[in-house]
Amino acid sequence: AQSVTQLDSHVSVSEGTPVLLRCNYSSSYSPSLFWYVQHPNKGLQLLLKYTSAATLVKGINGFEAEFKKSETSFHLTKPSAHMSDAAEYFCVVSVTNSGYSTLTFGKGTMLLVSP
Amino acid sequence: DAGITQSPRHKVTETGTPVTLRCHQTENHRYMYWYRQDPGHGLRLIHYSYGVKDTDKGEVSDGYSVSRSKTEDFLLTLESATSSQTSVYFCAISDQGGVHYGYTFGSGTRLTVV
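Since this is a predicted model, take the numbers as computed values, not measurements. (Residues numbered from 1 in each chain as written. Chains lettered and ligands numbered in written order. Predicted model: local features only at pLDDT ≥ 70, side-chain atom pairs only at ≥ 80, totals over all residues. Heavy atoms only, no water.)

Asker: Explain the interface of chain B and chain A to me, please; I cannot follow it from the model alone.
Answerer: Much of the literature gives interface size as the accessible area that the parts lose upon coming together. On the chain A side, the residues contacting the 24 residues of chain B number 23 residues. A buried area of about 1800 Å², summed over both sides, lies between chain B and chain A, and 56% of it is on carbon and sulfur atoms. At the junction of chain B and chain A, the tally comes to zero salt bridges. Of all the elements in the fold, those that place two or more residues in the side of chain B that touches chain A are β4 (31-38) and β5 (42-51) of chain B. With five residues, β5(B) is the largest single contributor of residues to the side of chain B that touches chain A. Looking at the side of chain B that touches chain A residue by residue, the class counts come to twelve nonpolar, nine polar and three charged. (Contact = heavy atoms within 4.5 Å. Buried area = accessible area lost by both parts, 1.4 Å probe. Salt bridge = Lys/Arg side-chain N within 4 Å of Asp/Glu carboxyl O. Helix = DSSP H or I, 4+ residues; strand = E, 2+ residues; numbered from the N terminus. Nonpolar A, V, L, I, M, F, W, Y, C, P; charged D, E, K, R; others polar.)

See below:
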């Protein structure tokens, strides 16, 4: 069964330093993977997606993620954190059951950015 | 979010009462989904719909039912609300099952069962 595991429930960085949010996936075939972001008391916004094209995926707001099949990972990175990046981030995998696809979410990583 | 509206935005209800949440879209998308969000659990799928009157269960469907009588509306009903159903509920839509394009989410409904 397809699933994702977010390895850190909380990550703290200082403004201007790099961000790394880790996600491992489990899938019997090449999956579709996504990262979503949720700012406090807001809905969810798609950051980026991987659908078996380029393994390095660029998203909005300077984020990018690299699909590594050998490591079954899809980590999210950003070279320099900004205060506005403070939010909860979800790694997501597409799951197919009964012929229809749905999205399965990881448990989330809260990114804290300090001045 | 543009094209998808959830109502109500907030609701407080008593244990044992029925509750219906509404999701309305103007995008004419085929697929609609209901998720609940709880701390430490991320988002979990309750039910989804792949067409008018076509629905299926998700990971946490017990205690919930859904209906979709027209493309634009997807209703989630708690037949007899319990405190464990206190949560934030999100509706989502997609036009191709979400595999390649992900979902568009509504702004959520915060439900409190007392």
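From this point on, the discussion continues.
Asker: Even after reading the chapter, I still don't get unusual backbone geometry, so can you show me in this structure?
Answerer: In this structure, the amide linkage connecting Ser7(B) to the following residue, Pro8(B), adopts the cis form with an omega of -10°. For Pro8(B), the position within the fold is in the loop between β1 (4-7) and β2 (10-13). Despite not being glycine, Asn61(A) shows a phi value in the positive range, around 60°. Looking at the element boundaries, Asn61(A) is found in the loop between β7 (56-58) and β8 (64-68). Phi is positive for Asn28(B), close to 60°, though the residue is something other than glycine. Note on placement: Asn28(B) falls in the loop between β3 (19-25) and β4.

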